[in-house]
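Close look at the chain arrangement
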Amino acid sequence: MLLNNFYEFLVRKTDFDIPFFIDEKALYTRYDLYKVVFLLWKRINKIKTDDTNRLVIVSDDGFIFCASVFAASLNLLDIHTPNSLSYESVKKISKNSIIVYESRALFDSLEQQRRSLSSIENGYVSNSNNNEASIIKQNDCVDSGFLNNCIFFDEIIKQSRFLNDISIKGIVGFDDYKKLVLDALTNQVYSDVSIVQYTSGTTGVSKSISRTIKSFILEAIGLSKALRVSEHKARENQNIILVATVPLFHAYGIMMRFFVPIVSMLKMYSSIIEYEEQFKSLLTRAFKFALVVSPLFVKRTEFSLPKDKVVYVTSAGSKLDSYSIEKAKHFCDIEIFDLFGSTETGCMGFRYVNDGDEVLSVLDGNEINVFLSDSNELKDITSLEQLEQNNEAIKSNGVGRILLKGPYLKNSFFLGDDVIELNKDKTFKVLGRIGRLVKLEDNRVSLDEIETTIRNLNLIKDAAIVSYCRGVRQYLGAAIVLDTDGKWLLNDVGKGRFVIHLRNLLTHKMLQIAIPRSFHIYDELPLLPNGKVAYKQIQTDFE
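Worth saying up front: this structure is predicted, and the values here are computed from it rather than measured.

**Quick notes on the pattern of salt bridges**
Tallied over the entire structure, the rule returns 13 salt bridges. The salt bridge involving R104 is made with E155; its shortest N-O contact spans 3.2 Å. Taken together, the residues span a long stretch of sequence, with R104 in helix α5 (residues 104–121) and E155 in helix α9 (residues 153–160) at a distance of 51 residues. The class of R104 is partly exposed, set by a relative accessible area of 38%. Judged by relative accessible area, E155 falls into the partly exposed class, the value being 33%. D338 is the salt-bridge partner of R351, the closest N and O atoms lying 2.9 Å from each other. Of this pair, R351 sits in strand β14 (residues 346–353) while D338 is found in strand β13 (residues 336–342), placing the two residues 13 residues apart along the sequence. Here R351 and D338 have matching classes, each one buried. Connected through shared salt-bridge partners, E111, R114 and R115 make up one network.

See the structure below:
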């Protein structure tokens, strides 16, 4: 049974006192959550002012995130998550905010970042042999939006440990809290509270994306059904724990680490998994696992999980290439549930990956069409009225920009930069992004397709394709990472003959004009902090 109401998770009495949030350090039941949300709600209510309009969560811990979202929504405060746990990311969204820090230690760490930035801006140079130079005046460090209105979650936890059934009822405000939670079960206003996330800014300036709790829940229900989680009985779900390698401040993370396990009543491992050793430690527990991973983690992992230990594995963020799919088979030997979407849209489509088939199914509730146009000016379409004026360009199948309509969107539609091939049965294939489609000598060339073709060569472990200019001419460059056989051949014949061999292989797979002019060999492709390929850096290497 899937939960249709977000607040039912907080009060549903079934299995209320069994461990639900699990970590190396502590176990928390949903009753523990109920008590912590009360203390947090009361603390927020005490310090908020008429100007307070948001709660900022500075933590990547699942239990802390869950409690903070419930407490903020019951106070009708929008929830904001920084796109990283850094001082600069928190500062940008701290105005008119109450900030929940995971711990005082994390706050102190961000304070140290602030002092370091302040010292640089004021011309100070840190020097352990010069005390005067290392002193920063208090007036130079004042940032009231960052220092005030803070809640330290570790202190809330300490308070909650002294509460039991009797003592909690004696605290002022508890009766009001109980009534409020029951009201939230039926009052839509609490589900209309927004969660605001911030994009990583890898394709430009970081921007804020706002979605309501209700839209997240609707999408989570659709994903749970697609994942077949609903096929598990509630009692069976007690033995499943969700484990993730992706942070909560990414759209994929917040959906699959937070909302999907809530509607599916799956236990959650609170901390993010960053190392293989953490996975190996978990294997000693009597659980089955639902895994939320990134393509980068799949590509780099060297160990394998017993098939009978894994319920499902999800991946999103970038395309799973053939090398990653082979690594995934070694890792868990079950089909990976691969999501296609964005922060703005949530999940648009999905596929079960086992053989490299790139056809995606549309998530229930979504409607996908294609918009036929080569004009970049059409990026400025922001209203339904503007879209309807171009109605003749909207087709139910064919090749064009993806046009999404669905209940998970804040606006009524989303016109994306992804170019898709939409079939009559409403399955589709992603061909690339507008910026990844270039014209060479009047031929349209997909950099993503070239990338996939080169990655699939036996000698290649990974590849990234960029376009670059020299003078007035435009060329293609290939950044490649070699596998063991590729390294052996390179050492045996030298780079010149090796590149000639690659060109000969590609001649049988693509037009001559699409074969990259230059090949640069990397030990590993340069990556951005979010794990995506740093195309701009690679382009600079070629230019």
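**Some words on α9**
Those residues of α9 that sit buried are F153, I156, I157 and S160. An end-on view of α9 places all buried positions within 100° of arc, on one side of the element. On its buried face, α9 sits against β2 (27–29), α2 (30–47), α3 (62–74), β5 (97–101) and β6 (150–152).

**Description of the nonpolar core**
The nonpolar side chains of a soluble globular protein tend to be buried, and buried together. The biggest cluster of nonpolar side chains holds 89 residues, and the ones touching the most others in it are F9 and F259. It is α2 that contributes the most residues to this core, 11 residues altogether. When neighbours within four sequence positions are excluded, F9 is seen to be in contact with L3, F20, F21, R30, L33, C66, F70, I262, M265 and M268.

**So, the packing of aromatic side chains**
Taken as a whole and assessed by the stated rule, the structure comprises 34 aromatic pairs. Seen in terms of ring centroids, F216 and F259 are 4.8 Å apart; in terms of plane orientation they differ by 5°. Their pairing is stacked. Remark: F259 occurs in helix α15 (residues 251–264) and F216 occurs in helix α13 (residues 213–226); sequence separation between them is 43 residues. One exposure class covers both F216 and F259, and it is buried.

**Concerning the packing of α2 against α3**
Contact pair α2 / α3: the axes reach a minimum separation of 8 Å and the direction vectors enclose 50°. For the element pair α2 / α3, the angle class is oblique. Pair α2 / α3 crosses with right-handed handedness. Contacts from D32, L33, V36, V37, L40, W41 and I44 of α2 reach α3 at F63, C66, A67, S68, F70, A71, A72 and L74.

**Structural notes on the sheet that holds strand β9 (residues 240–244)**
The mixed open sheet is built from nine strands, whose spatial order is β2-β1-β10-β9-β11-β12-β13-β14-β15. Looking along the sheet, the strands with just one partner apiece sit at the ends: β2 and β15 (361–362). Direction of pairing for strand β1 (residues 19–22) relative to strand β10 (residues 267–269): parallel, over a ladder of two bridges. Opposite F21, over in β10, you have M268 as the bridge partner. The sheet contacts of α2 involve β1 and β2, and relative to β2 the element is tilted by about 80°.

Conventions and cut-offs
Residues numbered from 1 in each chain as written. Predicted model: local features only at pLDDT ≥ 70, side-chain atom pairs only at ≥ 80, totals over all residues. Heavy atoms only, no water. Salt bridge = Lys/Arg side-chain N within 4 Å of Asp/Glu carboxyl O. Helix = DSSP H or I, 4+ residues; strand = E, 2+ residues; numbered from the N terminus. Buried < 20%, exposed > 50% of the residue type's maximum accessible area, 1.4 Å probe, protein only. Arc of directions from axis to C-beta. Contact = heavy atoms within 4.5 Å. Core = buried A, V, L, I, M, F, W, Y, C linked by side-chain atoms within 4.5 Å. Phe/Tyr/Trp six-rings, centres within 6.5 Å; stacked < 30°, edge-to-face > 60°. Axes fitted to C-alpha atoms, helices over the stretch in contact; angles between N-to-C directions. Parallel < 35°, antiparallel > 145°, perpendicular 65-115°, else oblique. Left-handed = near helix turned anticlockwise from the far one by under 90°. Pairing = 2+ DSSP bridges.

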